[in-house]
Amino acid sequence: ENSDHESDTDGGKSASDDSSSSDSDDSGDSDNDSPNEDEVLRLKSNMTTQELISLAQRQSQNNKGSAAPVFSVKVCGTCLRSNSDHSNEIVECDSCGVSVHEACYGIQEGGSIASNASAASTEPWFCEPCMAGVHQPHCEVCPNIGGIYKETDVGNWVHLVCALYIPQISFFDPERITRATLFELNYQSWGKRACCLCKDIKFARTGLCIECDAGMCRQYFHVTCAQEAGLLSEPSAEDSEQFFGHCKAHSDKELIKKRKKNWLSHQLNYRQRGATIQAERALEGEARKGKESASQRNNRKLKRCRERWVSAREGDSWV
């Protein structure tokens, strides 16, 4: 009986060992999911534009011209959040593919064919650079190219995140977030601080830098560099106008990881969507008659938006 009891005990121990090992394996797999996913995002974001266009053309041919989404998760390029509902929808520009919340961009009436809250087609929506016929303009306060832009009151361009996080920049129309003005900036501050996050040291003293908001910390960085590094803090529900950033030493590591992942997701979705639009335009460029396609309709709407944009700004510059 004692030997039987010992064998049962050994069997129980071996079973518990097996279950613990399987649990540890499962936990190990779950821990490895996030790094693998992050690595896939990095690899895809390193693809060239031509590679993305070729991929989009192959996908459109395989889907027989259906407008299937290339990347399902849409992230706002301003707040780096993916939540979207009918009150504050994430819309995509139907010309370049950039995605942004309606509230973050100041869109009063929503609607984009590529919006992710509804599968129904609505009126096309275009960002300000696309309506102005400008492709990736230079920001007035930072050296980085690409992202969400807003036009200034003198016809230049600034990143929306730069305008929100630099205190001296304001908007002529805060509700629609239009006409950013830089006249309250101290121009002696240009190049005064070096960005600690710039990948190219030659651009570290270009434009304006913000300071870490933690006490006496003396770390400075460009707003767009901080956004890529996951160091920008989102406004709280109590104070929706409080925008600030923290250095790596004064930021939560998990939040940094989440923000960087969302930034990579936004960049990948933006580039893939843009490549898909270019591929559709290339296909529409071939001789084709009959009913107007969605791509042709978008081009027609974009042309009208550009004409209205130009006519609205003729003789409007007061400087």
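Predicted, not measured: the structure shown is a model, and the values here were computed from it. (Residues numbered from 1 in each chain as written. Predicted model: local features only at pLDDT ≥ 70, side-chain atom pairs only at ≥ 80, totals over all residues. Heavy atoms only, no water.)

Novice: I would appreciate a short explanation of the overall build of the protein chain in the present structure.
Specialist: For the protein chain, the count of helices and strands is eight helices and 10 strands. Relative to its 319 residues, the protein chain shows a buried fraction of 40%. For the protein chain, long-range pairs separated by at least 24 residues make up 58% of all intrachain contacts whose partners lie at least 6 apart in sequence. In the structure as shown, the protein chain presents an accessible area of about 18500 Å², 48% of it carried by carbon and sulfur atoms. (Helix = DSSP H or I, 4+ residues; strand = E, 2+ residues; numbered from the N terminus. Buried < 20%, exposed > 50% of the residue type's maximum accessible area, 1.4 Å probe, protein only. Contact = heavy atoms within 4.5 Å. Areas by Shrake-Rupley, 256 points an atom, 1.4 Å probe, with all protein chains shown as cover.)

Novice: Sorry, what's going on with the pattern of salt bridges here?
Specialist: Proximity of charged atoms lets side chains of opposite charge pair with each other. Taken as a whole, this structure holds seven salt bridges when the rule is applied. Glu228 is the partner of Lys199 in a salt bridge, and the nearest nitrogen-oxygen pair spans 2.9 Å. Pair noted here: Lys199 is in the loop between β6 (178-181) and β7 (210-211) and Glu228 is in helix α6 (residues 223-228), with a separation of 29 residues, a long-range link. Judged by its relative accessible area of 28%, Glu228 falls in the partly exposed class. In this structure, Glu211 and Arg218 form a salt bridge, with 2.7 Å as the shortest nitrogen-oxygen distance. Glu211 gets classed as partly exposed once you look at its relative accessible area, which sits at 33%. Overlapping salt bridges, with partners in common, bring together Glu92, Asp94 and Arg273 in one network. (Salt bridge = Lys/Arg side-chain N within 4 Å of Asp/Glu carboxyl O.)

Novice: What is the right way to read the packing of aromatic side chains from this model?
Specialist: Tallied over the entire structure, the rule returns four aromatic pairs. A ring pair is formed by Tyr105 and Trp125, whose centres lie 5.5 Å apart and whose planes are at 90°; its orientation type is edge-to-face. Here Trp125 lies in the loop between α3 (102-105) and α4 (128-132) and Tyr105 lies in helix α3, a separation of 20 residues in the sequence. Just as Tyr105 is buried, Trp125 falls in that class too. A centroid spacing of 5.1 Å and a plane angle of 70° characterise the contact between Tyr165 and Phe243, whose relative ring orientation is edge-to-face. (Phe/Tyr/Trp six-rings, centres within 6.5 Å; stacked < 30°, edge-to-face > 60°.)

Novice: How should I be thinking about helix α8 (residues 294-312) in this particular structure?
Specialist: Since the α-helix turns once every 3.6 residues, residues separated by three or four places project in the same direction. Relative to the 27 Å expected for 19 residues at 1.5 Å per residue, α8 spans 27 Å between its end C-alpha atoms, a close match to the ideal helical length. Within α8, burial applies to Ser295, Asn298, Lys301, Leu302, Cys305 and Trp309. Looking straight down α8, one finds its buried side chains confined to an arc of 120°; they lie on one side. When the buried face of α8 is taken as reference, the exposed residues oriented beyond 90 degrees from it are Lys303 and Arg308. (Expected span 1.5 Å × (residues − 1). Arc of directions from axis to C-beta.)

Novice: Sorry if this is basic, but what is going on with unusual backbone geometry here?
Specialist: With glycine set apart, most residues show a phi of negative sign, and most peptide bonds adopt trans. Here Leu80, not a glycine, exhibits a phi torsion of approximately 60°, which is positive. Counting through the fold element by element, Leu80 comes out in the loop between α2 (49-62) and β1 (90-92). Residues other than glycine seldom take positive phi values, yet Gln136 does so here, at roughly 45°.

Novice: What is the right way to look at the pairing of strand β5 (residues 170-173) in this model?
Specialist: Successive residues of a regular strand alternate their side chains across the two faces of the sheet. In this sheet, β6 lies alongside β5 in antiparallel orientation, the contact comprising three bridges. Considered in β6, the bridge of Asp173 is made with Thr178. The turn joining β5 and β6, which pair antiparallel and follow one another in sequence, is formed by four residues; a positive phi near 50° is taken by Ile177. (Pairing = 2+ DSSP bridges.)

Novice: Which parts of the structure should I look at to understand the nonpolar core?
Specialist: With 57 residues, the main nonpolar core has Val141 and Ile166 as its most contacted residues. Listing elements by their share of this core, those giving two or more residues are α3, α4, β4 (157-159), α5 (160-165), β8 (220-221), α6, α7 (253-284) and α8. In terms of residue count, α5 provides more of this core than any other element does, five residues in total. What Ile166 contacts, discounting residues up to four positions off in sequence, is Val141, Leu185, Leu208, Ile210 and Val223. (Core = buried A, V, L, I, M, F, W, Y, C linked by side-chain atoms within 4.5 Å.)

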